[in-house]
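Architecture at a glance
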Amino acid sequence: MEIIERVGEVRSRLAEIRRAGRPIAFVPTMGAFHEGHIELMRRAKAGRGAALFGAEPPCLVVSIFVNPTQFGPGEDYRSYPRDMQGDLEKAREAGADLIFTPSVEEMYPTGDCATIEVGRLAEGMCGSHRPGHFRGMATVVCKLFNIIQPDAAYFGEKDYQQLKIIQRMVEDLRMPVKIVPFHTVREPDGLAMSSRNAYLSVEERQAAAFLYKGLKAAETLFEKGERSSAALIEEAKRVIAAEPSLRLQYIELRNADTLQPLQTVTGKAVLALAAHIGKARLIDNIILRVS
Ligand code: AMP
């Protein structure tokens, strides 16, 4: 496994790999790996979902970069968990061929004048509570795509709004990369794995499982035939309220593709939430489908 910090070096190394006819699969991350990241990397290495099957497995490139422009003032940029040595070992075991670990100066040599504006998809949900977050995220992913030039890039559905924005950016800007979504990997009690779970005390960690319990309660009601967004949201809130340490920031039901708000669930919808607990802000979602 190669570890490269400079843009010029990663470009020339990947040009060689491309010339040898090997497809490139890419997993962008902010590090502090958990099993969700690892499974995402294994999936990318297998080339599944991206028609990257060939004589050889794809070259798996993983970037580790805590991107300052997607954190707002007062957010956890400085305290975000970092574990480079542990991450390198885990990525190696998951089959990564090349780790790209640029510095902030390497990614933003002249500041950040040119940016990606993501429009309506960035309004509502996390976009309402983290102004500028999705601009920073889309901009850094665009830069990484320009540097790595992957054939396929893998993104978790846990960050659902992020996934939709990236899919739309690639489509609208005609970027030649296939975006492959990946299911949310969870702890045994249902809590979505997240690097930020490391902020939780033992009590907070137990309480955090009620976020998924709330989503599942809404899903159960949905499966019984309830289609009103207000009723489904109320049901999730009722269950989450059992844990007073959980402070819901939002819970919304939206069309799963356009992310427009829904009064009534039709087609494919996403029930998404964010909550504060202790020092952590956690997000989660489930998909509801009318068949
Ligand atoms: P992050 O390091 O948090 O920016 O995440 C890097 C990638 O891993 C993103 O595409 C995330 O959506 C994905 N990811 C994070 N947590 C999970 C999880 N629990 N299950 C699956 N994918 C995840």
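None of these values were measured; they are calculated from a predicted model. (Residues numbered from 1 in each chain as written. Predicted model: local features only at pLDDT ≥ 70, side-chain atom pairs only at ≥ 80, totals over all residues. Heavy atoms only, no water.)

Notes on the overall build of the chain
For clarity, the threshold we go by: Runs of H or I in DSSP of at least four residues are treated as helices and runs of E of at least two as strands, each being numbered from the N terminus. Here the radius of gyration uses the C-alpha set of atoms, whereas the globule reference equals 2.2 Å times the residue count to the power 0.38. Relative accessible area decides the class of each residue, using a 1.4 Å probe on protein chains only: under 20% of the type maximum gives buried, over 50% gives exposed, and in between gives partly exposed. The contact rule is simple, with two residues in contact once any of their heavy atoms fall within 4.5 Å. We get accessible surface area from the Shrake-Rupley algorithm with a probe of 1.4 Å; when it comes to residues, only the shown protein chains can shield them.
Tallying secondary structure elements over the chain gives nine helices and nine strands in all. In summary, the chain has a C-alpha radius of gyration of 19 Å against a globular reference of 19 Å for 291 residues, a match within 12%. Taking the principal axes of its C-alpha atoms as reference, the chain extends roughly 55 × 40 × 40 Å. Out of the 291 residues in the chain, the part that is buried amounts to 54%. Within the chain, contacts between residues at least 6 apart in sequence are counted, and of these 71% link residues at least 24 apart. Within the structure as shown, the chain displays about 13500 Å² of accessible surface, and the carbon and sulfur contribution to it stands at 50%.

Thoughts on the packing of aromatic side chains
Spelled out, the test is: Within 6.5 Å between ring centres, the rings of Phe, Tyr and Trp (the latter by its six-membered ring) count as paired, and their orientation is classed by plane angle as stacked under 30 degrees, edge-to-face over 60, tilted in between. Geometrically, a lysine NZ or arginine CZ counts as sitting over a ring once it is within 6 Å of the ring centre and also within 35 degrees of the ring normal.
Across all of its chains, the model carries five aromatic pairs by this definition. Here the aromatic cluster, defined as three or more aromatic residues joined through ring pairs, consists of Phe26, Phe145 and Phe155. One cation-aromatic arrangement involves Arg82 over Tyr77; the distance from NZ or CZ to the ring centre is 5.2 Å. The ring of Phe222 has Arg227 sitting right over it, with the charged end atom 4.1 Å from the ring centre.

Focus on the sheet that holds strand S2 (residues 24-29)
Our working definition: Here a strand pair is declared whenever DSSP counts at least two bridges between the two strands. Orientation is described by axes fitted as lines to C-alpha atoms, over the contacting stretch for helices, and by angles from 0 to 180 degrees between their N-to-C directions.
Across the sheet, which stays open at both edges, the six strands sit in the order S1-S4-S3-S2-S5-S6 with parallel pairing between neighbours. With partners counted over all chains shown, the strands left at the sheet margins are strand S1 (2-4) and strand S6 (178-182), one partner each. Each neighbouring strand pair of the sheet contributes to a mean axis angle of 25°, computed without reference to strand direction. Relative to the sheet, helix H6 (residues 133-148) contacts S2, strand S3 (59-64), strand S4 (98-100), strand S5 (152-156) and S6, its axis offset from that of S2 by approximately 150°. The strands that helix H7 (residues 160-172) touches are S5 and S6; relative to S6, the one it contacts most, it runs at about 165°.

What to know about the site of the ligand
Quick note on the threshold: For each residue, the test is whether any non-hydrogen atom lies within 4 Å of the molecule or strand; if one does, the residue is near. For the purposes of these results, a polar contact is taken to be a pair of N or O atoms within 3.5 Å, where, inside protein, one atom must be able to donate a hydrogen and its partner to accept one; residues adjacent in sequence count only when each atom of the pair is a side-chain atom.
Taken together, 17 residues lie near the ligand, and Met30, His37, Asp159, Val185 and Met193 sit nearest. The separation between an oxygen atom of the ligand and a polar side-chain atom of Asp159 is 2.6 Å. Protein coverage of the free-state accessible area of the ligand, which is 480 Å², stands at 93%. Counting residues per element, the shell around the ligand draws most heavily on helix H2 (residues 35-46), at three residues.

Considering the nonpolar core
We apply this condition: Residues grouped as a nonpolar core are buried Ala, Val, Leu, Ile, Met, Phe, Trp, Tyr and Cys residues, joined through side-chain atoms within 4.5 Å.
Counting residues in hydrophobic clusters, the biggest one holds 48 residues, and the most contacted among them are Leu14, Phe100, Phe145, Ile148, Ile166, Met169 and Ile179. Going through the elements one at a time, helix H1 (7-19), S2, S3, S4, H6, S5, H7 and strand S8 (268-277) are the ones with two or more residues in this core. With near-sequence residues (within four places) excluded, Ile166 lies in contact with Met137, Ala138, Val141, Phe145, Phe155 and Ile179. The next biggest cluster of nonpolar side chains, apart from the first, holds 32 residues, and it includes Ile233, Leu271, Ala275 and Leu288.

Thoughts on the environment of Asp97
Mapped onto the elements, Asp97 comes out in the loop between helix H3 (84-94) and S4. Note: C-alpha distance between Asp97 and Lys45 (52 residues apart in sequence) is 9.1 Å. Excluding anything up to four places from it in sequence, Asp97 contacts Met1, Glu2, Arg22, Lys45, Pro58, Cys59 and Leu60. In terms of polar contacts, Asp97 uses its side chain to reach the backbone amide nitrogen of Leu60, at 2.7 Å.

With respect to H1
Definition in use: Any helix carries an expected span of 1.5 Å times its number of residues minus one. In this context, the arc is that of the directions from the helix axis out to the C-beta atoms.
Over its 13 residues, H1 runs 18 Å from end to end, which matches the ideal 18 Å to within 8%, given 1.5 Å per residue. Along H1, the residues that are buried comprise Val7, Val10, Leu14 and Ile17. When H1 is viewed along its axis, its buried side chains cluster within an angular range of 90° and face the same direction. Once H1 ends, the next one or two residues include Gly21, with phi positive near 85°.

Comments concerning the sheet that holds strand S9 (residues 280-289)
Pairing is antiparallel in the open sheet, where three strands are placed in the order S7-S8-S9. With one partner strand each, in any of the chains shown, strand S7 (247-255) and S9 form the two edges of the open sheet. Taking each pair of neighbouring strands and ignoring which way they run, the sheet shows an average axis angle of 15°. In this structure, S8 lies alongside S9, joined through ten bridges in antiparallel fashion. Paired with Ala272 across the bridge in S9 is Asn285. Lying on the sheet, helix H9 (residues 229-240) is in contact with S7, S8 and S9; it crosses S7 at an angle near 150°.

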